[in-house]
Amino acid sequence: MSKKVFTLLLVAVFALAQFSAASALRVAGTATLSTTAVFSAVAAGSTIALDWTASGMPAGTKEVSVWSRIQNLGAPVAYTNCRAVAVITGTSSASGTYLYDMTLPGAANGDVVEFIAVIDDAVACAAVAPAATDAAMASTTVDSNALTGFIAVPPYNGVAAVGLQPVACNTFENWAIANDHYGFAPTVAYSGFGAWNQSVTGTFAPAPEGPGDELLSWPYTFPATASGAWSFSVSPEDAAGNPVVGAPVAFRNALAIAPAELADCTDFPDTAGHADELYIRYLATIGLISGFADGTFGPDNTLTRAEAATLFEKANGVSDTDPGFGTPPAAGSACDFSDVAATDWFAGWVWRACADGFMNGIGGGLFDPNNLLTRGQVVTIFNNISTMIPAAGSFLASGNVINWGGYGVVNPYRTAAFSDVPVGAYYATPVVNAYGMGIAEGVTSTTFEPDSPATRGVFSMMLYRALSNLALY
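Nothing here was measured: the structure is a model prediction, and the numbers come from that model.

### Re the side chain of serine 65
Tracing the backbone shows serine 65 in strand 5 (residues 61–72). Look at serine 65 and you get buried, because its relative accessible area is 0%. A polar contact of 2.7 Å, which involves the side chain of serine 65, links it to the side chain of glutamate 63.

### A word on unusual backbone geometry
The backbone of asparagine 197 sits at a positive phi, close to 55 degrees, despite the residue not being glycine. If you trace the backbone, asparagine 197 turns up in the loop between strand 13 (193–195) and strand 14 (198–201). Of note in this structure, glutamate 449 is not a glycine but carries a positive phi near 55 degrees. Assignment of secondary structure puts glutamate 449 in the loop between helix 5 (428–436) and helix 6 (456–466).

### Thoughts on the sheet that holds strand 15 (residues 215–221)
If you walk across this open sheet you meet the 4 strands as 15-12-11-19, and the pairing is antiparallel. At either end of the open sheet lies a strand with only one pairing partner, and these are strand 15 and strand 19 (469–472). The sheet shows a mean angle of 20 degrees between the axes of neighbouring strands, direction not considered. As paired elements, strand 11 (residues 148–153) and strand 12 (residues 171–179) share 5 bridges and run antiparallel to each other. For isoleucine 151, the partnering residue across the bridge sits in strand 12 and is alanine 176.

### Some words on the state of the cysteines
What the rule picks out here adds up to 3 disulfides. Here cysteine 82 is linked by a disulfide to cysteine 125, with a sulfur-sulfur distance of 2.1 Å. Taking the sign of the S-S torsion, -70 degrees for the link of cysteine 82 and cysteine 125, the bridge is left-handed. Placement of the pair is cysteine 82 in strand 7 (residues 80–89) and cysteine 125 in the loop between strand 9 (112–120) and strand 10 (138–142), with a sequence separation of 43 residues. Using a relative accessible area of 17% as the deciding quantity, one classes cysteine 82 as buried. Residue pairing for cysteine 169: its cysteine sulfur links by disulfide to cysteine 265, the two sulfurs lying 1.9 Å apart. The disulfide joining cysteine 169 to cysteine 265 has a torsion of about 90 degrees about its S-S bond and is therefore right-handed. Here cysteine 169 is found in the loop between strand 11 and strand 12, whereas its partner cysteine 265 is found in the loop between strand 18 (249–256) and helix 1 (277–285), with 96 residues between them in sequence. The residues cysteine 169 and cysteine 265 share a single accessibility class, namely buried.

Definitions and limits used
- Residues numbered from 1 in each chain as written.
- Predicted model: local features only at pLDDT ≥ 70, side-chain atom pairs only at ≥ 80, totals over all residues.
- Heavy atoms only, no water.
- Helix = DSSP H or I, 4+ residues; strand = E, 2+ residues; numbered from the N terminus.
- Buried < 20%, exposed > 50% of the residue type's maximum accessible area, 1.4 Å probe, protein only.
- Polar contact = N/O pair within 3.5 Å; in protein donor to acceptor, adjacent residues only side chain to side chain.
- Pairing = 2+ DSSP bridges.
- Axes fitted to C-alpha atoms, helices over the stretch in contact; angles between N-to-C directions.
- Disulfide = S-S within 2.5 Å.

Rendered as structure tokens:
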């Protein structure tokens, strides 16, 4: 997300005034104060440049001072933390830039810091602070909040520890999400994502970085002659320079290259250069998807509901050779569909997907197996699975990202205003969750197209992401 830049320039004319018996005196004059720096880490040594001017002042010695006040989400704190900016003698006007130390006690993520310039006839910082009614002449926003998010390690065997597992073949995607305002209301100011600061250590130079935004997609291919221990990590920071606590965060931490990682992923003649090629080839290598009899994959082909039931149950560790596979459900039960016959190739898969709670019928005792699976239905199935306890030892039971409820995730890490996802639609919450966790992408920035058929390529991308092992930071 883009960095927000706010510049507020407010002008006040100070007349002769007195704070109290212990106060110094304000002097006549006009002062201005401005800043172009907006978001700043609240840490020792961090500063904001304040440009000031003063004019119309009387003879004698004057001091320009700047006070700060924290506007704590609508609850202002009294002006404090005065800084002596300049001493002026024998001139009626002056200007300059002052680096204001932003080590402010109590400042928190989203707080607004107001500044007020004071022209005094003595040491103003020793006087009583300006009244709360005095007009501020500059303000900026403090963002001291570190990024929140996760990294996701590519699917492999469903049981290896995050950051300590090999990949299945030589081309894979490391991906991650970072959020600078997780849990805060949209109205709270924040600096936004800054940089991922990716790093690879190994025999060869790092691969080119992928796009760095709230969601990082970092495709990588191991060189054929790679050897020794390799690490992949990110040290994400927000636009104010606030780093992730405990960074860098490892996708892979000094793990030796395994022979299988140097082998080419399963290939198809019609996936070269396709946007979803990486996901298709990787999942085919670990046996979760397959092509057609002619050797092609058909990444832009659509997917039927029966085919989807088959793919999800294969990811759940189910085989058509398992005992009891293909046994029809009890007559009249919720999974007894009139349009699914025991002789259909997909019957066992549909019955099992229904029994496991992954997929439901469309009503009227129908499953609609040959109709196309829509994008809204795909994310709804993922949402269903996230509330289940899938088969032990399967890919779906690997402590993966689709189980967002299991990690105490209250809010999605990404949000989007999709104009075609109405509130109350059966897929509304699944769209929010799947997009928010990085499993699904919109078709555009404002549309999800939930009723459009899902392609085999897009399904592969979602499945790859959903089966990635998740590590929160």
